[in-house]
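Analysis of the macromolecular model
Letter by letter, the chains look like this.
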Amino acid sequence: MRCSVKKTCQPGKREEHIDKTKPYEIDKWSVVEGWKRVKAKGGGPGIDGQTIEAFERNLKDNLYKIWNRMSSGSYFPSAVKKCEIPKENGKKRVLGIPTVQDRVAQMVATLKLEPEVEPNFHENSYGYRPKKSAVEAVGKARERCWSHNWVIDLDIQGFFDTIPHQRMLELVGKHTGEKWILLYVERWLQAPMQTAEGRQEERERGTPQGGVISPLLANIYLHHAYDAWMQEEFASLLFERYADDIIVHCTTEKQARYVLERIRQRLEQWGLTLHPEKTKIVYCQDGDRKEDYPHTKFTFLGYEFRARKVRNAQKGNIFVSFTPAVSPKAQKRIRYTIRSWRLGMRTPMTLEAIAEMVNPVVWGWINYYGRYHRSALGPVLRQLDMSLAKWAMRKYKRCHRRMVHTLRWLAQIARERPILAHWNWRWSMRRAARAV
């Protein structure tokens, strides 16, 4: 980038590089930081086909162009690449992938806007926020389900595709006085989507999933449409919100029905609609709460909450608790990923090479889905052992057509040298169980 840091700068500090002759004062270092974060996130190319690697080959000029255009007001985003992801129900989730330069520009705006809006957000909002996480939201929901008998499971229909643009801009304007942010947010919102055939689709509503700034805009919109309103109207009610996934805790069914209707009316005033089938009231049934009700489970952030047999770690007795574990849908996705690795066909690879390939993903599953009721994850990961057995049966003659023998052999290796993530995790659980 065409800027340099003076040698007189103190260690650990940097000088601002702002051209005050430009209409908008944007620090060049914010563009550099924006690029670093976009690179760390990764992602595919937009409609121009430019990858992150290709962008980096001419990094200084590319970053300078972004800064120069944003500072002068002449930056216009490209159309967003439309990607349709098939869903289990036969429908498709539409993602919008901006170009790399547009992702960097959006990150620059996000880095400026986020510190201004973050202090205003509700403590029960967990999605895409610093020092907040999905697993923390699941843990809080688990704790509150133990003390509240009823839950409202809210599902906003097509949330990212239905946000009204004008209202969104008005809300952003309440949180920042930076005119360039408002200018470019409006342009990002209005950028058309381009299909694989090259046809452009104009957008009058919504902010595309896949955009860097979209999660922040979603939080701003739902903070005003839902969080702040709930705090004012139902201050005693607890909830967890992760982007547009929302759980509300109630003490009675009557209260839950009343609150649900009020929320429905509130969201309709803001141009949002609750999904008629996915939105429901759930009774948190367990060993003590035994009322008969049609809905006794719900899914939140990849975890299914329902009655399960659990063991008291201190007393050792088994009881029925309303608690979360990896959902069937998440299990299906994990199994699909394991099959997609086609380990049985990777006979040229060593076990160490396979571990290096799969461990980052498997550790991600373990660290997230293994956080609560972790024993439910074990049977899912056994499919990985089956895939490894197929690999060994093809690779080694002594294992040929001997599945049971091969699984025992792999179990012995796992005990002696647990180099695969799920082997390491499994043995750590057994050691912990023995310690108790």
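Remember, it's a predicted structure, so these values are computed and weren't measured experimentally.

Things to note about the overall build of the protein
Helix and strand content of the protein: 15 helices and 11 strands. Across its three principal directions, the C-alpha atoms of the protein cover 75 × 60 × 50 Å. Here the protein holds 436 residues, and 48% of them are scored as buried.

A closer look at the pairing of strand E1 (residues 80–86)
Where E1 lies against strand E4 (residues 193–194), two bridges are found, and the strand directions are parallel. Among the inter-strand pairings, Lys81 is bridged to a residue of E4, identified as Gln194.

A few points about the sheet that holds strand E9 (residues 298–300)
Within the open sheet, the three strands sit side by side as E9-E10-E11. Their pairing is antiparallel. Edge strands, defined here as strands with exactly one partner in the open sheet, are E9 and strand E11 (318–326). Adjacent strand axes in the sheet meet at a mean angle of 50° when their direction is disregarded. Sheet topology places strand E10 (residues 303–311) next to E11; nine bridges connect them, and they run antiparallel. Its bridge partner lying in E11, Tyr303 is registered against Val326.

Here we look at the packing of aromatic side chains
Considering all chains together, one arrives at 23 aromatic pairs under this definition. Plain terms: the ring middles of Tyr128 and Tyr242 are 5.4 Å apart, the flat faces sit at 50° to each other, and that makes the pair tilted. With a gap of 114 residues between them, Tyr128 in the loop between helix H4 (100–117) and helix H5 (134–147) and Tyr242 in strand E6 (residues 238–242) connect regions that are remote in the sequence. Taking relative accessible area as the criterion, Tyr128 reaches 46% and is therefore assigned partly exposed. Here the aromatic residues Tyr75, Trp180, Tyr184 and Trp188 are joined through ring pairs into a cluster of three or more. It is Lys28 that lies over the ring of Trp67; its NZ or CZ is 4.4 Å from the centre.

Some words on the pattern of salt bridges
In total, this model carries 18 salt bridges according to the counting rule given. Across the salt bridge formed by Lys82 and Glu201, the nearest N and O atoms sit 3.1 Å from each other. Of this pair, Lys82 sits in strand E1 while Glu201 sits in strand E5 (residues 200–201), and the two are 119 residues apart along the sequence. Glu201 gets classed as partly exposed once you look at its relative accessible area, which sits at 24%. Connected through shared salt-bridge partners, Lys82, Glu84, Arg199 and Glu201 make up one network.

A short note on the environment of His148
Within the secondary structure, His148 is located in the loop between H5 and strand E3 (150–155). Since its relative accessible area comes to 14%, His148 is described here as buried. Considered as a pair, His148 and Tyr283 are 135 residues apart in the sequence and their alpha carbons are 9.3 Å apart. Aside from chain neighbours lying at most four places away, what touches His148 is Leu238, His249, Cys250, Thr251, Cys284 and Arg289.

Brief notes about the sheet that holds E1
With mixed pairing, the four strands of this open sheet are ordered in space as E2-E1-E4-E5. Whereas interior strands pair on both sides, the edge strands pair on one side only; in this sheet they are strand E2 (92–97) and E5.

Looking at the confidence of the model for the protein
Scored by pLDDT, the protein has a mean of 90; 92% of the residues are at 70 or more. For the stretch residues 1–13, pLDDT sits under 50, and the model shows 16 contacts to residues farther than four places along the chain or on other chains.

Notes on unusual backbone geometry
Note: most residues except glycine have negative phi, and most peptide bonds are trans. The backbone of Tyr128 shows a phi angle near 55°, a positive value even though the residue is not glycine. In the Ramachandran plot, Lys131 falls in the positive-phi region, its phi being about 65° despite a non-glycine side chain.

Cut-off values and rules
- Residues numbered from 1 in each chain as written.
- Predicted model: local features only at pLDDT ≥ 70, side-chain atom pairs only at ≥ 80, totals over all residues.
- Heavy atoms only, no water.
- Helix = DSSP H or I, 4+ residues; strand = E, 2+ residues; numbered from the N terminus.
- Buried < 20%, exposed > 50% of the residue type's maximum accessible area, 1.4 Å probe, protein only.
- Pairing = 2+ DSSP bridges.
- Axes fitted to C-alpha atoms, helices over the stretch in contact; angles between N-to-C directions.
- Phe/Tyr/Trp six-rings, centres within 6.5 Å; stacked < 30°, edge-to-face > 60°.
- Lys NZ or Arg CZ within 6 Å of the ring centre and 35° of its normal.
- Salt bridge = Lys/Arg side-chain N within 4 Å of Asp/Glu carboxyl O.
- Contact = heavy atoms within 4.5 Å.
- pLDDT = per-residue confidence, 0-100.

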